[in-house]
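Residue-level structure breakdown
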Amino acid sequence: MLSLFPDLLFLSPLAAFLIRISVGLLLIYAAYVHRSDSSIAIRILAGVQTIAGVLLVLGAYTPAVALFALACALVSLATTNRRVYPMSTLALGAVMAFTLLITGPGPFAFDLPL
C-alpha cells in the first residue's frame, strides 16, 4: 500500500528515539514516586530505576536497560501494591520497552550497532 505522506518517511528513524525518551521518563517518574517510600528495598529499586531512566534518555546500554524496563512493567502489572501508573500505561510501557529491545536505540544514542 502506498504511503499517504511519503515525504515524512525520512522521520521514521526518530520513532525509536522518541520511544526511548518516553520509557526513560516513565522510569524516572516511577523512581521519583518510589523515593519517598519507607521500605529500603523500594528505595533501592528507585535508585536503580533512576539510573536506568537516565541511561535510556542518554541512549547507553539500551538493550539491557530496555529489558530491565520490560521486567519492571511486567512486575508492576502483576502486583497491585505500590503501582505508580494505571494498568494501561504499564502495558504500553511494556510494549515500548519490548520494541526498544528489538529495534535498538535509534539516533542520538551512545550505543553503536555491531
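Residues numbered from 1 in each chain as written. Predicted model: local features only at pLDDT ≥ 70, side-chain atom pairs only at ≥ 80, totals over all residues. Heavy atoms only, no water.

Considering the environment of leucine 67
Summarising the element assignment, leucine 67 is placed in helix H3 (residues 62-78). By relative accessible area, which is 48% here, leucine 67 ends up partly exposed. It is 7.3 Å that separates the C-alpha atoms of leucine 67 and phenylalanine 98, two residues lying 31 residues apart in sequence. (Helix = DSSP H or I, 4+ residues; strand = E, 2+ residues; numbered from the N terminus. Buried < 20%, exposed > 50% of the residue type's maximum accessible area, 1.4 Å probe, protein only.)

Topic: the environment of leucine 9
Following the sequence through the fold, leucine 9 ends up in the segment before helix H1 (14-34). Overall, leucine 9 belongs to the exposed group, its relative accessible area being 52%. The spatial distance from the C-alpha of leucine 9 to the C-alpha of phenylalanine 98 is 23 Å, given a sequence separation of 89 residues.

Concerning unusual backbone geometry
One non-glycine residue, tyrosine 61, adopts positive backbone phi at about 55°. In this fold, tyrosine 61 is placed in the loop between helix H2 (40-58) and H3.

A closer look at the packing of H2 against H3
Packing of H2 against H3 leaves a shortest axis separation of 10 Å and a crossing angle of 135°. Taken together, the axes of H2 and H3 lie oblique to each other. The handedness of the crossing between H2 and H3 is left-handed. For the pair H2 and H3, the contacting residues are Leu45, Val48, Gln49, Ala52, Leu55 and Leu56 in the first and Thr62, Val65, Phe68 and Cys72 in the second. In terms of residue class, the contact of H2 with H3 is made up of eight nonpolar, two polar and no charged. (Axes fitted to C-alpha atoms, helices over the stretch in contact; angles between N-to-C directions. Parallel < 35°, antiparallel > 145°, perpendicular 65-115°, else oblique. Left-handed = near helix turned anticlockwise from the far one by under 90°. Contact = heavy atoms within 4.5 Å. Nonpolar A, V, L, I, M, F, W, Y, C, P; charged D, E, K, R; others polar.)

A closer look at the environment of arginine 20
Mapped onto the elements, arginine 20 comes out in helix H1. Accessibility expressed as a relative area gives 0% for arginine 20, which makes it buried. Arginine 20 sits 89 residues away from alanine 109 along the chain, and the two C-alpha atoms are 9.6 Å apart. Every residue in contact with arginine 20, bar those within four places of it in the chain, is listed here: Leu56, Val57, Leu58, Gly59, Thr62, Leu100, Pro105, Gly106, Pro107, Phe108 and Ala109. Separated by 2.8 Å, the side chain of arginine 20 and the backbone oxygen of leucine 56 make a polar contact. (Polar contact = N/O pair within 3.5 Å; in protein donor to acceptor, adjacent residues only side chain to side chain.)

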